[in-house]
Amino acid sequence: MIIIGSDHAGIELKKKIISYLYSKKIDYADVTNFDSQEGDDYPDIAEIVCKKVLERQNNFGIAICGTGIGVSIACNKVRGIRAALCTDVYMAEMARRHNNANVLCIGARLKNEDVIEIVEAFLNHFYEGGRHDRRLKKIREIEDFYLGGDK
Ligand code: RB5
């Protein structure tokens, strides 16, 4: 399932992406306010999206804020989340193939390449494993060392 959320800056883009998911019959859950609300700050949105993503193995997240930077910083504080801020199709494809990203971050106020094509690239590519496993293991080691707590 696709877990989608945005802060106030990303509401319109979120609606556009939801229309696309709906039209393609892709299962999704909008986990943040449908319309802009006071206090829908990007760290909260990132946390809500990531928590839901981690509930099921095949979930992916889409987190949106003005630049995409805020949500990507916050998402990447959550153990087990590999969030990728993508502004073009190539980045979205490689985020899946090499980084096994489980959250796509998008900036609503940027001149992104076509956002729907970015979402499609993210959803339609798969992790390659192999030599990339070693690198992801090193990321988990960084999580273990710096984030502490439950593993
Ligand atoms: C909100 O104005 C803006 O700061 C936020 O959407 C995001 O761009 C932060 O990184």
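Data block above holds the structure.
Since the model is a prediction, treat every value here as computed from it, not as a measurement.

Student: Pulling in residues and values, what's your account of the site of the ligand?
Tutor: Near the ligand, the surroundings consist of Asp 7, His 8, Ala 9, Tyr 42, Cys 65, Gly 66, Thr 67, Gly 70 and Arg 109. Here an oxygen atom of the ligand sits 2.7 Å away from a polar atom, N or O, in the main chain of Gly 66. Burial of the ligand by the protein amounts to 72% of the accessible area it has alone, namely 290 Å². Taken together, the residues that form the shell around the ligand break down as three nonpolar, four polar and two charged.

Student: How would you explain the packing of helix H4 (residues 89-97) against helix H5 (residues 115-123) if you had to name every residue and give the values?
Tutor: Contact pair H4 / H5: the axes reach a minimum separation of 7 Å and the direction vectors enclose 20°. Considering their axes alone, H4 and H5 lie roughly parallel with respect to each other. By crossing handedness, the relation of H4 to H5 is classed as right-handed. The residues of H5 that touch H4, namely those facing Val 89, Ala 92, Glu 93, Ala 95 and Arg 96, are Glu 117, Ile 118, Ala 121 and Phe 122. Of the residues contributing to the contact of H4 with H5, the split by class is six nonpolar, no polar and three charged.

What counts, and where the lines are drawn
Residues numbered from 1 in each chain as written. Predicted model: local features only at pLDDT ≥ 70, side-chain atom pairs only at ≥ 80, totals over all residues. Heavy atoms only, no water. Near = heavy atom within 4 Å. Polar contact = N/O pair within 3.5 Å; in protein donor to acceptor, adjacent residues only side chain to side chain. Areas by Shrake-Rupley, 256 points an atom, 1.4 Å probe, with all protein chains shown as cover. Nonpolar A, V, L, I, M, F, W, Y, C, P; charged D, E, K, R; others polar. Axes fitted to C-alpha atoms, helices over the stretch in contact; angles between N-to-C directions. Helix = DSSP H or I, 4+ residues; strand = E, 2+ residues; numbered from the N terminus. Parallel < 35°, antiparallel > 145°, perpendicular 65-115°, else oblique. Left-handed = near helix turned anticlockwise from the far one by under 90°. Contact = heavy atoms within 4.5 Å.

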